[in-house]
Amino acid sequence: MNITEDEIFSETEAIAKNGFERNLAFIIGINNYSNGISPLKTAVNDAKKLVEVLREKYKYQVWVCLDEVATLTNLNQLLERTLPEQVSENDRLLFYFAGHGVALNGDDGPAGYLIPQDAKGGDTDSYLPMTKLHDALNKLPCRHFLGILDCCFAGAFRWSSTRDLLTAPEVIHKERYDRFIADAAWQIITSSASDQKAFDNFNLDTQRGQVGNHSPFAAALLEALEGAADAYPPAKDGKPAGDGVITATELYLHLRDRVEISTEKYRLRQTPGIWCLNKHDKGEYIFLTPGHELNLPPAPPLDESQNPYRGLKSFDEEHSELFFGRTELVEKLQAFVKIHPLTVVLGASGSGKSSVVKAGLIPKLKKETKETSNKWCILSPIRPGETPFRALNNALVDAQLPKVELQNQQKTLTESIAVWAKNNPNSKLLIFIDQSEEIITLCHSENERKEFFQQILTAINAHRDKLRVVLSLRSDFEPQVRDAGLKFVPTVLQLGNTALKNRWQSGRFIVPAMTRGELRQAIEKPAEARVMYFQPHELVEQLIDEVDNMPGALPLLSFALRELYLKYLKRQRDAESRGITIDRAITQKDYQDLGGVIQSLTQRADEEYEALVKENPAYAQIIRYVMLRMVALGGGELARRQVPLSELEYPPEKDGLVKQVIERFTNARLLVKGEDAEGNFYVEPAHDALVRSWGRLLNWVKEEKNLRLQRRLTPAALEWKSQQQARFLWNADPYLDVLQKEVLNSQNNNWLNQLETEFVQQSIRQKQKDTRSRWGIGVTVSLVITTSVASAATFVGTVWSNLTNKPNVIFASPGQEIQGTTDYTFSYNPSTQRAFGSNVNHQIVFGIPKNTQDCIDVRQLPDGEKSEKGKRFNITAPKEPGVYYIEFAIDLEYSCDVPRGRWVRGEYGNVPGQSKLGIVVIGNVFNFSIYSKILDAYSKNVPTSYVLTGDEHKRSGGYVALKDFKFDKK
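Residues numbered from 1 in each chain as written. Predicted model: local features only at pLDDT ≥ 70, side-chain atom pairs only at ≥ 80, totals over all residues. Heavy atoms only, no water.

Participant: Would you mind showing me how to read the packing of aromatic side chains here?
Facilitator: The geometry of an aromatic ring pair is captured by two quantities: the separation of the ring centres and the angle between the planes. Enumeration over the complete set of coordinates arrives at 14 aromatic pairs. An aromatic cluster is built from Tyr58, Tyr60, Tyr285 and Phe287, whose rings are joined through pairwise contacts. A cation over an aromatic ring shows up here: arginine 92 above the ring of tyrosine 285, its NZ or CZ 5.6 Å from the ring centre. (Phe/Tyr/Trp six-rings, centres within 6.5 Å; stacked < 30°, edge-to-face > 60°. Lys NZ or Arg CZ within 6 Å of the ring centre and 35° of its normal.)

Okay, here's the thing in structure tokens:
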């Protein structure tokens, strides 16, 4: 018998628990269709049984519309008048419909309708549009609403938002349960997908065709509400399974597993779905399991180790449970990698490239290995650094693959994979090279860089069916890495540049900026994993507004979130000290105190700086010294640099302060420590965002005019230390005077570390020793001449005459314009190319004065020699009296377009072999200073031809020769 509205209103039910005054339900079941619509068999029985369960087990007040009562007029009256008048904000409402449904094509896709009992077949005016149902329900003031639709094409109702991927937590903590109740929950569970029919009376547990008492969906729903959906946590220690709570999510997961799996077994697939309506917030519609005590343990305590946000660090595989917002992208990447031997994951700095691979792709492939026949062997992520082969070998050894040796054709990557493939015939191998731009920016050895590219490309070509190589690469470095790969491609591959570029192009996988929905997941889901929430909820939107459409903003957002968590911990500790318990909420005040996303990083850096300087003003310079070393100068944009801890060893009066700075900034998560492929420990900024956004550091970079000099000095000092030979000192380097006057002897800007200090001091002593030695020669010559010449004037005249007659000596007035020509021969061979490296485009500077450039591209030269005749030069004589040498110099730091590579970064050490090829004398030779310098020049007997050799420099390996140099005066 159908229950009318009047009967419902006369009932007196106990007030529901858990913050709701009443549990209300609106139940519709229709079997007896007419007017050209086929009847159903189980819908009414489904509705009646559900009414019974809701009333007896869950104490619901129920409106019931069965068969002839469920007319369009009655349904409209219930929606438009009865429910708005009866439902209050402290009620929760369940809406259930069992009957026919239809999805018709509309302008915006399928339009869904529920079919009332008196509907006429084909007459949509007699149907109940789902848009109308949605609008009516959406006006109700109740905090919680659950719609359950058991009809055909239920998933086509387009007023639902995109369905979230769901998992059921094994434990619902008391704090999470309280949020479920307090927050709005507006959810819909559908029995079928948008293109599926819903079965009327198929029995879930028997063979196909047997008639059941309920629809398969209703049968699963009823058993779920009887307690079957309350399965987590599992039974343990004599306690029954479950925690006494069935959330809408748990209810849906039970329905999905029971209905989809059972129907799919007979090729009659029916797929339930769950959706959130626009009014939904963080709540969950819940049922308290009949006869089950609540078992809701408190959430685990929170401390710094439980921070759900990574800050400036990328997500690794072990953090995959906290990696949200990239589900669709990871699925696309997984499919992409399977069909592309080389995948280049491209994105701006801070776009999350590394995390997508390490915390997204790799765990997904490993899960695939466990659950399917597709087997993957995945090497540990490789970060190239300065020695990419060492990093590669470490990953190979970890995976028990044979190591690779440079220039050993028997121990190549191709051969290593061949051995592996023989033992793993049904598996694929994944090699992930993270931050692959380091092959260009950090690897100093061109030979190693070249062979690394060649071995990777050869291995891909040889094992296209077994090997997958994935590179993560900053978009701004793509041309350099791509062109280097094209340049070094092995000739055995017999591929032209066009074919290789096409392969590169087809392997590009772009990591786009996250959408607002993805950012929302990345913000909220990690907090939910720690049973935390944002208060107010609009705070999440504020965070998104700050970073939406901002390139590379993810690290800044993550850092701000990490800092917000730490602010919560501080509030928690303060409250505990006063005996108070606070909500597990990240608050608006925390956000305001932080200064927002943009300022959070630089504010933290400034706070650490100011705190240390307050302790000791000496920290101001120390922090400057440390941070400037961590800025990489290569490329068009500043980037972080890994600094070996050995480079941060300073003289005793500074060393303790330096170590304290590193410790404090590391604890503040501004710096991170690590170990490179060679086992050396280093420290670096936690992200490029720090060196690009911290105004104080940017000012230091702008002010420090000797920063590039420091980059050259450090490796030179290391080489001197390793060789322990005087010839590696800078005693002849013109920058030694700069280091002595502007750095070593400076009270406010001596940034030299311990080794650099020793190197500079030893270079100065060696220079002084060389000077004394030359003075000794000069004195001897002077005594000899004095005994044979009548006077000093005669001697000077002789010197003047000798120097004037030399073709490479000019006497000039201060500031005079000097013009002339030079003739030279340039000898070129492959060792010269190795000496100077590809990154400088083999552009060598001839001509001497730094204000003019004379560059040739030695790649265009065949082995042998190239002569240049009558090369013009134009220089301005110095304004100060003295004897000046004009140099042939390899000084790419100042010349040839936009020089790159080791020379620019200053990582090569001393510029080798600056040769004194011309002399300009300015001033009165009777001036003692000028006189002594003339003696010095005369004693050298400057040659008319000079050979500059780099053989003494262990990294050069070749020579550049200038023969028959002529310095013609005009």
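Moving on from the coordinates now.
Participant: Before we go on, may I ask you to explain the sheet that holds strand 13 (residues 375-378) in this structure?
Facilitator: Paired through backbone hydrogen bonds, the strands of a sheet run either parallel or antiparallel to each other. Sheet architecture is open: five strands sit in the order 13-14-15-12-16, paired in parallel fashion. Looking along the sheet, the strands with just one partner apiece sit at the ends: strand 13 and strand 16 (508-510). Pairs of neighbouring strands in the sheet enclose a mean axial angle of 25 degrees, with direction left out of account. One ladder, built from six bridges, connects strand 12 (residues 342-347) with strand 15 (residues 467-474); its direction is parallel. What sits directly across from threonine 343, in strand 15, is valine 470. Lying on the sheet, helix 11 (residues 413-423) is in contact with strand 13, strand 14 (427-433) and strand 15; it crosses strand 14 at an angle near 145 degrees. (Pairing = 2+ DSSP bridges. Helix = DSSP H or I, 4+ residues; strand = E, 2+ residues; numbered from the N terminus. Axes fitted to C-alpha atoms, helices over the stretch in contact; angles between N-to-C directions. Contact = heavy atoms within 4.5 Å.)

Participant: For this particular structure, what's the right way to read the pattern of salt bridges?
Facilitator: Proximity of charged atoms lets side chains of opposite charge pair with each other. All chains considered together, the criterion is met by 43 salt bridges. With a closest N to O distance of 3.0 Å, arginine 571 and aspartate 590 form a salt bridge. A residue pair is termed long-range when its members are at least 10 positions apart, and arginine 571 in helix 18 (residues 554-577) and aspartate 590 in helix 19 (residues 588-594) qualify at 19 residues. Overall, the relative accessible area of 27% leaves arginine 571 in the partly exposed class. Since its relative accessible area comes to 4%, aspartate 590 is described here as buried. Residue glutamate 742 pairs with lysine 705 through a salt bridge whose shortest N-O separation is 3.4 Å. Here lysine 705 lies in the loop between helix 24 (695-703) and helix 25 (707-723) and glutamate 742 lies in helix 26 (residues 735-744), a separation of 37 residues in the sequence. Classification of glutamate 742 by relative accessible area gives partly exposed; the value is 31%. Residue lysine 705 is classed as exposed on the basis of its relative accessible area, which comes to 64%. Among the charged side chains, a network of salt bridges with common partners joins Arg516, Arg520, Glu541, Asp545 and Asp548. (Salt bridge = Lys/Arg side-chain N within 4 Å of Asp/Glu carboxyl O. Buried < 20%, exposed > 50% of the residue type's maximum accessible area, 1.4 Å probe, protein only.)

Participant: It is not clear to me how the environment of glycine 695 should be interpreted in this structure. Could you clarify?
Facilitator: Within the element layout of this structure, glycine 695 appears in helix 24. The exposure class of glycine 695 is partly exposed, given its relative accessible area of 36%. Distance in space between the C-alpha atoms of glycine 695 and aspartate 606 is 9.3 Å, their sequence separation being 89 residues.

Participant: Looking at this structure, how should I read the nonpolar core?
Facilitator: Proteins that are soluble and globular tend to have nonpolar side chains buried together. Counting residues in hydrophobic clusters, the biggest one holds 85 residues, and the most contacted among them are Phe534, Leu543, Ile623, Met627 and Trp694. The dominant element in this core, judged by the number of residues it contributes, is helix 18, at 10 residues. Discounting residues that sit within four places of it in the chain, leucine 543 has contacts with Ile523, Phe534, Leu557, Leu561, Leu564, Tyr591 and Val597. (Core = buried A, V, L, I, M, F, W, Y, C linked by side-chain atoms within 4.5 Å.)

Participant: I tried to follow the confidence of the model for the chain on my own but got confused; where do I start?
Facilitator: It should be kept in mind that the predicted coordinates are not to be read in detail where pLDDT is low. Within the chain, residue pLDDT values average 78, and 73% of them lie at 70 or more. Across residues 160-165, confidence stays below pLDDT 50; counting only partners more than four residues off in sequence or on other chains, it has 11 contacts. Scored below 50 in pLDDT, residues 824-859 makes 120 contacts in the model with residues more than four places away or belonging to other chains. (pLDDT = per-residue confidence, 0-100.)

Participant: I'm lost on unusual backbone geometry in this one. Help?
Facilitator: Most peptide bonds adopt trans geometry, and most residues besides glycine take a negative phi value. With an omega dihedral of -5 degrees, the bond running from tyrosine 232 to proline 233 counts as a cis peptide bond. Residue position: proline 233 is located in the loop between helix 6 (216-228) and strand 9 (245-247). A cis amide bond links glutamine 535 with the next residue in sequence, proline 536, at an omega value of 0 degrees. Take proline 536: it is sitting in the loop between strand 17 (533-535) and helix 17 (538-547). Although it is not a glycine, aspartate 67 adopts a positive phi angle of roughly 45 degrees. Position of aspartate 67 relative to the elements: it lies in the loop between strand 2 (61-66) and helix 3 (72-86). Look at aspartate 67 and you get buried, because its relative accessible area is 11%.

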